[in-house]
Amino acid sequence: MKRVLITGAAGFLGSHLCDRFIEEGYRVVGMDNLITGNIENLEHLFPLEEFEFYNHDVSNHVHVSGDLDYILHFASPASPIDYLKIPIQTLKVSSLGTHNLLGLAKAKSAKILVASTSEVYGDPLVHPQSEDYWGNVNPIGPRGVYDEAKRFQEAITMAYHNFHKLEVAIVRIFNTYGPRMRLNDGRVLPAFIGQALRGEDLTVFGDGSQTRSFCYVVDLVEGIYRLLMSDYAQPVNIGNPDEITILEFAEEIIKLTGTQQKITFKDLPKDDPMQRQPDITKARELLGWEPKVSRAEGLKITYEYFKSLSEKALYKKEHNDFSKYIRK
Ligand code: UDP
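Definitions and limits used
Each chain has its residues counted from 1, running along the sequence as written. Residues qualify for local features only when their pLDDT is at least 70, as the model is predicted, and side-chain atom pairs are given and counted only at 80 or more; totals for whole chains, interfaces and linings, by contrast, use all residues. By convention in this description, side-chain values take in all heavy atoms of the structure and omit both hydrogens and water. Three exposure classes are used, based on accessible area relative to the maximum for each residue type with a 1.4 Å probe and protein chains only: buried under 20%, partly exposed in between, and exposed over 50%. Numbering of helices and strands runs from the N terminus, with a helix taken as a DSSP run of H or I at least four residues long and a strand as a DSSP run of E at least two residues long. When DSSP locates at least two bridges between a pair of strands, those strands are taken to pair. pLDDT expresses how confident the predictor is about each individual residue, on a scale running from 0 to 100. For this analysis, residues touch if any pair of their heavy atoms sits within 4.5 Å. The charge count treats Lys and Arg as positive and Asp and Glu as negative. His and the chain ends do not count. A carboxyl oxygen of Asp or Glu within 4 Å of a side-chain nitrogen of Lys or Arg is what we treat as a salt bridge. We call a residue near a molecule or strand as soon as one heavy atom of that residue lies within 4 Å of the molecule or strand. Under the rule applied, a polar contact is a pair of N or O atoms within 3.5 Å (in protein, one hydrogen donor and one hydrogen acceptor; residues adjacent in sequence only if both atoms are side-chain atoms). Exposure was quantified through the Shrake-Rupley algorithm and a 1.4 Å probe, taking into account, for residues, occlusion by the shown protein chains and nothing else. For this scheme, ten residues count as nonpolar: Ala, Val, Leu, Ile, Met, Phe, Trp, Tyr, Cys and Pro. Four count as charged, namely Asp, Glu, Lys and Arg, and the remainder, Gly too, count as polar.

## Some remarks on the pairing of strand β6 (residues 168-173)
By the criterion of burial, β6 is predominantly enclosed, with six of the six residues buried. Here β6 shows a buried face lined by V168, I170 and R172 and a second buried face lined by A169, V171 and I173. In the sheet, strand β5 (residues 111-117) pairs with β6 via six bridges, with the strands oriented parallel. Paired with L113 across the strands is A169, a residue of β6. Summarising the sheet, β6 and strand β11 (residues 235-238) pair through four bridges and their orientation is parallel. Looking at the pairing, V171 lines up with V236 of β11.

In structure tokens:
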């Protein structure tokens, strides 16, 4: 059985990746420091013999005993609100953390895939964004801690590939949604659905003319899996090109949830990108991949998930204590 290490395993994407690799017949080692991850996302995997979990911050030296075939580095706060709250950890996990995991990959002769982001394009002046665009990032703005750490992550990953001949893959992930997002993580989809469920107005930042393109998580995981199995080492965009303004998105959520609440407008956060849409030509040509789930389908499933959460979860701020499952 092949063995894969997934960092950020208790997070939204990490936990879906753990599921996928278990389904594919791998032994999965999950790692997370549970700052933004939620151990409940992994609860169903704890009884499995093929699954292990370590509570560890990968910004510190990472030790895993035994062989590893693949490493997927998905540990990082991923919401603007989170990386504003914990800016230093955000910088460290994609810089020091990536360095540690590249070292581990080298020691184990494992292939590593790192989670990069559409944020490397910053507030893009080229639209849609293709991989050869270098981006428009403010290094000292509030989002700089995430954007620049991810840009450094790409640079050090390519350096290990070129200098040490390490097998690498770099996925540039665009806005993704689905079950297991945190209702209170501040991102637009859980924010709007949470507001609708709690009977609050939906908060649109700015005039809502900024655009995003939302990819359903199952499509994203398929793209990541195919990229890992390919021998392509350069960055590849994975996202859904179906672009929408945030105001139209709020109207879609109002329709979906049937809420009687209205839209209220708030200040646009500093450096909020005005437009974002992936050019997925590369993914189509290299991986034969494109998204399959429409926003209407994906939003329906995601809304059902959020509705199924308890009243307590709807208002809760802290994670449950699952410490008995965690190996120190
Ligand atoms: N946004 C909004 N209302 C909210 C949360 C976010 O209008 O309650 C906007 C935000 O300003 C941005 C877009 O929705 O233009 C997507 O924000 P998100 O934090 O989900 O991710 P980003 O793509 O900015 O990293």
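That was the structure; now back to the text.
## Here's the deal with the confidence of the model for the chain
Any segment with low pLDDT has predicted coordinates that should not be analysed in fine detail. Summarising the model, the chain shows a mean pLDDT of 95, and 96% of its residues fall at 70 or more. Mean pLDDT values for the elements of the chain range from 76 in helix α10 (residues 311-315) up to 99 in strand β4 (residues 70-73). Predicted confidence is poor over residues 318-328, with pLDDT under 50, and the contacts of this stretch with residues over four places away or in other chains come to 22 contacts.

## Quick word on the side chain of Q195
If you trace the backbone, Q195 turns up in helix α5 (residues 188-198). For Q195, a relative accessible area of 9% translates into the label buried.

## Regarding the side chain of D147
Here D147 shows up in helix α4 (residues 144-164). No salt bridge is formed by the buried D147. Its closest oppositely charged neighbour is R143, at 5.0 Å.

## A word on the site of the ligand
Taken together, 18 residues are adjacent to the ligand, and T203, F205, R212, D272 and R276 come closest. Here R212 contributes a side-chain N or O atom positioned 2.6 Å from an oxygen atom of the ligand. With respect to the ligand, the side chain of R276 contributes an N or O atom lying 2.7 Å from an oxygen atom. Coverage of the ligand by the protein amounts to 95% of the 520 Å² it exposes when considered alone. Mapped onto the shell around the ligand, the elements with two or more residues apiece are α5 and β8 (202-205). Looking at the shell around the ligand, its residues break down into eight nonpolar, four polar and six charged.

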